[in-house]
Amino acid sequence: MTTSIQDVAQKAGVSISTVSRSFTRPDLVSAKTRERVLAIADELNFSLSRSAAALKSGRSLRIAVLMSGHIRLWFTASVIEGLNEVLHAEGYDISIFQISSIEERRAFFEMLPVRRNADAVIVVSFDIDSREIAQLASVDVPIIGINTAESEQHGFAAAVNINDRQGSTLAARHLMNLGHRRIAYISTDRDVSLSFSVRGRFDVFMETCRKEGVEPQVVVCKVDGDGRYQISDVVTQLMSLDEMPTAIACQEDGIALPLMFQLERNGFSVPGDVSLIGYDDSFYTNDIGLTTIRQDPVEMAHIAARMTLDLIEEKPVDEPFVTFPANLVVRSSTSRVH
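None of these values were measured; they are calculated from a predicted model. (Residues numbered from 1 in each chain as written. Predicted model: local features only at pLDDT ≥ 70, side-chain atom pairs only at ≥ 80, totals over all residues. Heavy atoms only, no water.)

A. Structural detail: the sheet that holds strand 8 (residues 247-250). Here we have four strands laid out as an open sheet, ordered 7-6-8-9, and parallel in their pairing. Sheet topology places strand 7 (217-220) and strand 9 (275-277) at the edges, where each strand pairs with a single neighbour. Each neighbouring strand pair of the sheet contributes to a mean axis angle of 20 degrees, computed without reference to strand direction. When strand 6 (residues 183-187) meets strand 7, the two strands line up parallel, connected through four bridges. Within strand 7, the residue paired with Ala 184 across the bridge is Gln 217. The strands that helix 10 (residues 231-239) touches are strand 6, strand 7 and strand 8; relative to strand 7, the one it contacts most, it runs at about 150 degrees. (Pairing = 2+ DSSP bridges. Helix = DSSP H or I, 4+ residues; strand = E, 2+ residues; numbered from the N terminus. Axes fitted to C-alpha atoms, helices over the stretch in contact; angles between N-to-C directions. Contact = heavy atoms within 4.5 Å.)

As structure tokens, this is what we get:
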């Protein structure tokens, strides 16, 4: 016969709300009462399983995930998938804090003291400053990074990153090895972006080209209020240049894929008139034939999640700072300059 919360309350001599608070809001119940409720719950084999486990362990069984950008983006969605696959199996919930603006960023850190009901904080693709690191550290739980800059120097307990320097170098050299000198680089606005990868990929790509005497044209891809890239504006900017580039590198596949279609609608053949390279190896890139830089955010998230669990359990992490290599995947969207 299944034991109910009413049975626990009756035997413990407390109200149903006190039993509920013992599981969900233990800070509102005295330690003595909480211990009695838990003991009787165990005796009666009553288990709001997750809450009971949280009460026993003194943990919230919740992981806070702080991420920049929109959840629907390929990288972000893939990270959430990977985290959930590992953490959910261990009884942990994920609380996602999506930061898409400077105002949201400020509000999150100002409200941080009331968000201490998490066992760890995972920071995803977020260019965090030293003041914010100190605010996170004040929560006194492990801080783990995924795709975060200078993670060890910033005081993260662990981090998993892709080698963006390697990836951007491969992209630039691939285009130049094909003979391209008129190259454009498409990026979102680096001054307002919260993602360090946006700036890092841009800086390395430009540096690699300049070493070979090539000065890429920079085109900023605008983002509307819903977070959608304004690809038609990118095409307008490209066609307004004194000379159309023979090769285009994009900050991410999310720009490159729709740009390929827009270019062809405007009479340009890819790669006949212009070569195109993306970054991520996301959905549909293989089907469409986009040359790109491959990364695996699901596996990165798996590793980060397992390290998170070890840190919560205060187990040693053999290799807390992991860097994934980037891989150039050459498909049909790039060719030698004509």
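B. Quick peek at the domain arrangement of the protein. Looking at the protein, the domain boundaries give domain 1 (5-48), domain 2 (60-162 + 297-324) and domain 3 (164-295). Put simply, the middle of domain 2 and the middle of domain 3, counted by C-alpha atoms, are 28 Å apart. In this complex, domain 2 contributes 19 residues to the contact, which on the side of domain 3 involves 16 residues. Broken down residue by residue, the surface that domain 2 buries against domain 3 is led by Trp 74, Asp 127 and Ile 162, which jointly contribute 43%. Remark: the boundary between domain 2 and domain 3 carries one residue pair in polar contact (both at pLDDT 80 or more). Among the secondary structure elements, those contributing two or more residues to the side of domain 2 that touches domain 3 are helix 5 (74-87), helix 6 (102-110) and helix 13 (297-312). (Domains from an automatic or database assignment. Buried area = accessible area lost by both parts, 1.4 Å probe. Polar contact = N/O pair within 3.5 Å; in protein donor to acceptor, adjacent residues only side chain to side chain.)

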